[in-house]
Amino acid sequence: MYLANVLQNLYKQCWVLFLLSRAAMNSQAGFEKVAEAVLQIKSFADYLFSGQVTTDISLTVDGFLPEDGSGRIVGIEDLPDQECVCVATEAGDVIMCNLSTKQLECVGSVDSGLTAVSWSPDQELVLLATGQQTLIMMTKDFEPITEREIHQDDFGEGKFITVGWGKKETQFHGSEGKEAARRKQMEVPPASSMDDGRPRVTWRGDGQFVAVSAICPQTGDWKVRVWSRELVLQSTSEPVPGLEQALAWKPSGSLIASTQEKPNKHDVVFFEKNGLLHGEFTLPFQKGQAKVKELLWNLDSTILAVWLEDSKDGKSSASIVQLWTVGNYHWYLKQSLRFGSAERSQPVALLWDPEIPCRLHALCRGWHALCYDWHWSTDRSIGDESHPVANVAVIDGDKVLVTAFQRSVVPPPMCTFQLQLPQAVNQVAFHSDPTRRADLAVLDADNRISIYRAGDSTGKDRSVALGGSGFKASIETLQLEKTYRLEVSCGEVTRVNPLAFRLFTWLQDSTFLAVSQGQLAAHSVIHHLTGRPEAEGGCLDLRLSLPVDGDVISLCYNPKSRAVAVQLADGRILKYFWEAPTPALEPWRSSNGSAVRFPSPCVQTALAVIGGEEAILGLTDRSRFFMNDVEVASNVTSFATSEEFLLVTTHSHSCQCVSLRDTSLKDLQAGFSGSSTPNNETLRKVERGSRIVTVVPQDTKLILQMPRGNLETVHHRALVLAQIRKWLDRLMFKEAFECMRKLRINLNLLYDHNPKVFLENVETFIKQIESVNYINLFFTELKEEDFTKTMYPSPVSSSVQPQEYPGQNKVDLVCDAMRAAMENINPQKYCLSILTSHVKKSTPELEIALQKVQELRVTEAVSPAAEGVTAEAALKYLLFLVDVNELYDHSLGTYDFDLVVMVAEKSQKDPKEYLPFLNTLRKMETNYQCYTIDKYLKRYKKALCHLSKCGPEHFSEFLNLVKDQNLYSEALKLYPPDSPEHEAVGSAFGEHLSQKHLYEQAGLIFARCGAFERALDAFVSSGSWQQALCMASRLGYTADQLAGLARGLAGKLVEQRKHAEAAVLLEQYAQDYEEAVLLLIEGTFWEEALRLIHKYNRLDILETNVKPAILEAQRNYLVILDSQKTTFTRHRKRLLVVRELKEQARQGLLDDEPPDGAEADLLSESGSTVMASDTSSKYSHSNSRISARSSKNRRKAERKRHSLKEGSPLEDVALLEALAENIRTTETMKGEVHSLLKELVLFGYDEQARQLQQALEEILQVIERSLPEIWTTDLQQNPANPVLGPNSTANSITAAYQQQRIAAPAVHDAQLLIPPKLNKNMQWKLTLLQ
């Protein structure tokens, strides 16, 4: 990983036996306790030699080791399955030590002795290297499998095949030239005298192959041979001069690591399985300065530990352990552990934990057991709005590589600049002060702190070459200000531990925090350090050392709240009050007062303010992500906090960006834990394995690192929109526009974010954007859509209230405002943008745009403009925006033939086509010319206007155009009302309306034009008898003619059941009052009939016509009311039955198989999905046919669908519809019955009146009682299709239906679910009849 930094070191209780296997093999002199021929198993209570011997088994009693201490153990292996330890001695004995019985058993002996013993990773095989230079492969029960000589003349099964393509001398040798063909094979020098000469054995991680390194007897150099599990030789390494003893096979299986001493450097080299070299890196030592004892890969092959001895005058003085990692094909030295020169502090054993990948164990001669836990972290500065610093520091040996991501993204291993230090670097820390975020403190392997500050380097070139030899950029580099020594007396443990201090943190300008190990296991000490200006080259002052009961594994600081959170190994979170007079530690508490404790230790922690509450975030090595003590996700790979966002990457290859301002801690925890998918703004896909490096403040860049080590810059949509909104609020239109243009954010957001502010600052916007092309781009993207409600919803906390402009078109509003501003600033410069503003309007103003082009042409003819665009350039631009044919037509509509020719010349039109046409137009009279052009362009209204000015000789053409294009209303406006042309147009208009059966309107037009005869016919046809009588009066009709006209009109009115109006005509104009009375009786207008009878004193009609008609009407109403009551009762009962059947089906009470056919139709869509699908398929074909029919047929089909036939699919809907219609019909009968009751009482028919009143009252009571039963409360509260919609799912629909006691019928008319209104205020009953 590119941005790796050391993590803290942890000390754990460990079993010395676990480390002793390496101690015996790696120490030339042997371990002191081994030399005493005693195998001791010790359990430490602390890290000093204070443990007790729990098991003491002598190896000299049975003679396995000599008593003089000259013996050596060449291998120790813990065998958990057998509960014993396997020990191999140099004398050749293989001993099994049972830990339960404390018995020793020699399971085998090799007479020639043993030089190395190694078990396979699965402990199924054991490989023995004997003193006779042979290899013996045995099973775990020590059954021999095979034996081979170590030194083989054959290369192995993987020998390369030569296909005979020429000799070596004729091959291509690249840059080495022909000299490479003549060069003789290099003489390989013998192995170094500093090597112990013993073979090295290393297994591949899967145990299928084993590599053995041994000194060749013939040449005296080291050779590496790869053997299979069956001890079949696979390959032999190529001759490598200076190859050394160290050997380690990468667990992932790709490379075998060793070391090579070259004439001028010391390298770690890598072999492939076929024996060929494949890469190397150089150790930071001169030749002969250090001796490499061992190489060790960690469990997941990400870290290579190099164990060296620093040699002076050929003698070993100190041990050094270096941790190397690779990223982007570059090897980084991440940690350098320099053990002291005292003999007690020298390591004798070093190995990686077999279960935890980044745990390193070390055992010193003074019986100090050290256990280091490492994890990956990114050292980055945290900038803010005022100081947008985004520096990232990378440790690489004695250099710190610094990359300033706010200026450039430099791929590793390159950087913006680097800091050279005298010693290897172990930790770095950025300043937490917002104004000094670029300052850097470096802690090296000698416990010296170097302070680098970003100040003004007067007189120096501050430009830095980015990428080594590329372009340069002005970047504030760091200068060394001072150096401190970090010396704090912490007891013997710290003196032995080479990494005495961890979690180095820079709080203030001269205040630091560091953590060291306590005197006891699982104890730590927090050191509060301060520096004085006069302490240059001196030591930091120790203000306070605060012991902590627990292992401190992380420390994080929030510069805004000035809070320090300390995490212990057991997950507890403590708050360090470092600013108090007496600093202290207290449990970190959440808002509810409970102590926060991570369920699992986190390797990365951070403090963040979420919705006003400060919380601690943590990420474990198992991808579990915590907020306080709540696990919110289990697939997070990395996270980072910016000023207002939390960003996380996940194993699902996505990056989620969540706002910390618009939510509370509980909502954020619930949002992460929930299964809801975030919207597109907060979530985006990223490359597999991406990790967050840093977020650039005041920018939109998010830097990610890929697994290989290369970088990728992404612009997360949430970061982009948040930054754009900030810029727009600050009226920084240029920055917002450039960002939106580059990242393809719709430019409508510039206006939609705050329309009022935008319109008030249009001139500022134009002056900042400045570029005509950019302004034109903004115009072309304008749409009527409000993008803050659709594509880019505003955040919850946004205080911006969009200003609405009702009745105004957004595009037109912006175009007009910007055009006015551009004309005010510089109309010549923004000429093209002004043209764009005309074209982009909802109704393009092409004529105005063309007129501006014409004005440019005229202006150029008078005085050519020094700046701005020419008329030809403007026209070309218009042709780019508008189709050339459309622009040609609009230019023709300006009636400017010069402009037409100019546009036509830019088009693909043939001059032979348009020139004759233009020449013909030139010869015409002006108005007729304009008429011809408008007619050609199909602008008929304008053509009509111009044609009306051409004189009477063109009136026939005018009238034909009016008739062809139906322009009667426009034509009537062009002539005075008294003119003959106006009358002619009116007559034509009337005929047109008559043809469309609009007789009444036609009559009005005829009457206005004086054509009263035709107006009379039109009014008669329309039934407008009042207007018809008026026209008859204008025509001077006689009384007989009026009587005939009245009788004809009365007949038409009777056909329309307008008896009262027909009676008026007969009485007043035909003088036939008897016929008028009979029509009133027929129409049940009783009182009006009585009035005429008494007016003309014809009481005889009462007996002959009125009374019989009243009694007949009473009998008819009784029959109707009885029928209505019977029908209502039948439908109501049937509705209850249908509902009961559906309720039983819904509750699953019908145990029969799902019905089909008519029975299935009893169940609505809510009954079961089977029934719904059957119903829909049943009507799918008929619906498709209905859509093509007339409206009458559609209504008929709808009525048929709502069939009252028992068992029909929508019977309940049909019953509701029929009941509602029955109620409405009964309600309308109140007035008619009331009128009839009065006449019955008037003529003494009290019994008949009482009978009728009682019949109507009974049915009304039945209806009123039945309403709650028919239209239930659930039915009225449940709208049509209540749970359906675009946001519904199958589960939500099913759950909603199951919650309903009675499912609502699936109807299209929601009014059916509402009961009809009963008018209780109407007084229809007669009190005298009660």
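Quantities reported herein were computed from a predicted structural model and do not represent experimental measurements.

Criteria and cut-off values
Residues numbered from 1 in each chain as written. Predicted model: local features only at pLDDT ≥ 70, side-chain atom pairs only at ≥ 80, totals over all residues. Heavy atoms only, no water. Helix = DSSP H or I, 4+ residues; strand = E, 2+ residues; numbered from the N terminus. Contact = heavy atoms within 4.5 Å. Areas by Shrake-Rupley, 256 points an atom, 1.4 Å probe, with all protein chains shown as cover. 1 Å grid on protein atoms, 1.4 Å probe; cavity = no way out; pocket = protein on both sides within 12 Å on 5 of 7 lines; lining within 4 Å. Points joined across faces, edges and corners; volume = space filled by probe spheres on them. Pairing = 2+ DSSP bridges. Axes fitted to C-alpha atoms, helices over the stretch in contact; angles between N-to-C directions. Expected span 1.5 Å × (residues − 1). Buried < 20%, exposed > 50% of the residue type's maximum accessible area, 1.4 Å probe, protein only. Parallel < 35°, antiparallel > 145°, perpendicular 65-115°, else oblique. Nonpolar A, V, L, I, M, F, W, Y, C, P; charged D, E, K, R; others polar. Core = buried A, V, L, I, M, F, W, Y, C linked by side-chain atoms within 4.5 Å. Polar contact = N/O pair within 3.5 Å; in protein donor to acceptor, adjacent residues only side chain to side chain. Phe/Tyr/Trp six-rings, centres within 6.5 Å; stacked < 30°, edge-to-face > 60°. Lys NZ or Arg CZ within 6 Å of the ring centre and 35° of its normal. Arc of directions from axis to C-beta. Salt bridge = Lys/Arg side-chain N within 4 Å of Asp/Glu carboxyl O.

Caption draft 1: Spotlight on the overall build of the chain. In terms of helices and strands, the chain carries 37 helices and 54 strands. The long-range share in the chain, meaning contacts at least 24 apart out of those at least 6 apart in sequence, stands at 53%. Accessible area of the chain: about 63300 Å², with a carbon and sulfur share of 49%.

Caption draft 2: Expanded view of empty space enclosed by the protein. By the definition in use, this model includes six cavities of 30 Å³ or more. Taken as a whole, the largest cavity encloses approximately 260 Å³ of empty space. Along the wall of the largest cavity there are 20 residues; nearest its centre are Ser-642, Glu-643, Val-695, Val-696 and Pro-697. Of all the elements, helix H6 (residues 717-729) adds the most residues to the lining of the largest cavity, at four residues.

Caption draft 3: Quick look at the sheet that holds strand S37 (residues 511-517). Reading across the sheet, the four strands line up as S36-S37-S38-S39 and stay open at both edges, with antiparallel pairing between neighbours. The sheet is open, and its two edges are formed by strand S36 (502-508) and strand S39 (541-548), each paired on a single side. On average, each strand axis in the sheet is tilted by 20° relative to the strand beside it, whichever way the strands run. Examined bridge by bridge, S36 and S37 share four bridges and lie antiparallel to one another. Directly across from Gln-508, in S37, lies its bridge partner Thr-511.

Caption draft 4: Quick look at helix H35 (residues 1246-1270). Taking 1.5 Å as the rise per residue, H35 with 25 residues should run 36 Å; its terminal C-alpha atoms sit 36 Å apart, in good agreement. For H35, the full list of buried residues reads Ala-1249, Leu-1252, Gln-1253, Ala-1255, Leu-1256, Ile-1259, Leu-1260, Val-1262, Ile-1263, Ser-1266, Leu-1267 and Ile-1270.

Caption draft 5: Region of interest: the pairing of strand S52 (residues 691-695). Across the five residues of S52, four count as buried, placing the element largely inside the fold. Pairing analysis gives four bridges linking S52 to strand S53 (residues 702-705), with the strands arranged antiparallel. Of the residues in S53, the one forming a bridge with Arg-691 is Gln-705. The antiparallel pairing of S52 with S53 creates a hairpin that spans six residues between the two strands, and Gln-698 there sits at a positive phi of about 55°.

Caption draft 6: Structural view of unusual backbone geometry. In this structure, the amide linkage connecting Pro-412 to the following residue, Pro-413, adopts the cis form with an omega of 5°. In this structure, Phe-142 is a non-glycine residue whose phi angle is positive, near 65°. As for its position among the elements, Phe-142 is in the loop between strand S9 (134-139) and strand S10 (144-149). In this structure Phe-142 comes out as buried when scored by relative accessible area, which is 12%.

Caption draft 7: Main features of the packing of helix H14 (residues 846-862) against helix H16 (residues 884-892). Taken N-terminus to C-terminus, the directions of H14 and H16 make an angle of 75°; their axes are 9 Å apart at the nearest point. When the interaxial angle is binned, H14 and H16 end up roughly perpendicular. Contacts from Leu-846, Glu-847 and Leu-850 of H14 reach H16 at Glu-886, Leu-887, His-890 and Ser-891. Classifying every residue of the contact of H14 with H16 by side-chain character gives three nonpolar, two polar and two charged.

Caption draft 8: Fine view of the nonpolar core. Ranked by internal contacts, the top residues of the largest apolar core, which has 94 residues, are Phe-958, Leu-1252 and Trp-1271. Residue contributions to this core peak at twelve residues, all from helix H31 (residues 1100-1146). Ranked by size, the runner-up nonpolar core spans 66 residues in total, among them Phe-758, Leu-813, Met-822 and Tyr-888.

Caption draft 9: Representation of the side chain of Thr-134. Mapped onto the secondary structure, Thr-134 falls in strand S9. Under the relative-accessibility criterion, Thr-134 is labelled buried at 4%. Here Glu-147 takes part through its side chain, which lies 3.3 Å from a polar atom of the side chain of Thr-134. Not counting chain neighbours up to four residues away, the residues in contact with Thr-134 comprise Leu-128, Ala-129, Glu-147, Arg-148, Glu-149 and Ile-150.

Caption draft 10: Region of interest: the pairing of strand S49 (residues 645-650). Among the six residues of S49, six are classified as buried, and the element is accordingly described as predominantly covered. Burial of the side chains of S49 extends over both faces: Phe-645, Leu-647 and Thr-649 are buried on one face and Leu-646, Val-648 and Thr-650 on the other. Of the pairings in the sheet, the one linking strand S48 (residues 636-641) to S49 comprises five bridges and is antiparallel in character. Bridge pairing links Phe-639 to Val-648 in S49. Between S48 and S49, which pair antiparallel and follow one another directly, the connecting turn spans three residues. Inspection of the sheet shows S49 paired to strand S50 (residues 654-659) by five bridges, in the antiparallel sense.

Caption draft 11: Representation of the side chain of Lys-1142 within the structure. For Lys-1142, the location among the structural elements is in helix H31. Within the structure, the side chain of Lys-1142 is placed 2.6 Å from the side chain of Asp-1212, a separation counted as a polar contact.

Caption draft 12: Structural view of the packing of aromatic side chains. Applying the stated rule across the entire model yields 30 aromatic pairs. Between Phe-955 and Tyr-975, the aromatic rings sit 5.9 Å apart at their centres with planes inclined by 80°, giving edge-to-face as the arrangement. In this pair, Phe-955 sits in helix H21 (residues 955-965) while Tyr-975 sits in the loop between helix H22 (968-973) and helix H23 (980-995), placing the two residues 20 residues apart along the sequence. The pair Phe-955 / Tyr-975 is uniform in exposure class, with both members buried. In textbook terms, an aromatic cluster arises when at least three aromatic residues are bridged by ring pairs, as seen for Phe-733, Tyr-751, Phe-758, Phe-765, Phe-778 and Phe-779. The ring of Trp-307 carries Lys-293 above its face, with NZ or CZ at 4.3 Å from the centroid. Over the ring of Tyr-332 we find Lys-334, and its NZ or CZ is 4.6 Å from the ring centre.

Caption draft 13: The arrangement of H21 in detail. All of the buried residues in H21 are Phe-955, Phe-958, Leu-959, Leu-961 and Val-962. All buried residues of H21 lie within an arc of 160° about the axis, which places them on one face of the element. Turning to H21, the residues buried within the fold contact helix H19 (926-936), helix H20 (940-948), H22 and H23.

Caption draft 14: Examining the pattern of salt bridges more closely. Per the stated rule, a full pass over the model turns up 51 salt bridges. In this structure, the salt-bridge partner of Glu-1257 is Lys-1325, at a minimum N-O distance of 3.2 Å. Linking Glu-1257 in helix H35 with Lys-1325 in the segment after helix H37 (1290-1299), this pair joins segments that are 68 residues apart in sequence. Residue classification places Lys-1325 among the partly exposed positions, given a relative accessible area of 30%. Linked by salt bridges that have partners in common, Arg-436, Asp-439, Arg-453, Glu-481 and Asp-509 make up one network.

Caption draft 15: Examining the environment of Lys-1058 more closely. Secondary-structure assignment places Lys-1058 in the loop between helix H27 (1039-1055) and helix H28 (1059-1068). When its relative accessible area of 35% is taken as the criterion, Lys-1058 is described as partly exposed. Distance in space between the C-alpha atoms of Lys-1058 and Gly-1083 is 8.0 Å, their sequence separation being 25 residues.

Caption draft 16: Highlighting the sheet that holds strand S41 (residues 563-568). Ordered by their spatial adjacency, four strands build an open sheet running S40-S41-S42-S43, and the pairing between neighbours is antiparallel. The open sheet has two free edges, formed respectively by strand S40 (552-558) and strand S43 (584-587), since each of these has just one partner strand. Sheet twist, expressed as the mean angle between neighbouring strand axes with direction ignored, is 30°. Pairing geometry for S40 and S41, over six bridges, is antiparallel. Each bridged residue has a counterpart across the sheet, and for Tyr-557 the counterpart in S41 is Val-564.

Caption draft 17: Seen up close, the environment of Ser-545. Here Ser-545 shows up in strand S39. When its relative accessible area of 31% is taken as the criterion, Ser-545 is described as partly exposed. Considered as a pair, Ser-545 and Val-525 are 20 residues apart in the sequence and their alpha carbons are 6.3 Å apart. Among the polar contacts listed, one links the side chain of Ser-545 to the side chain of His-527, at a separation of 2.9 Å.

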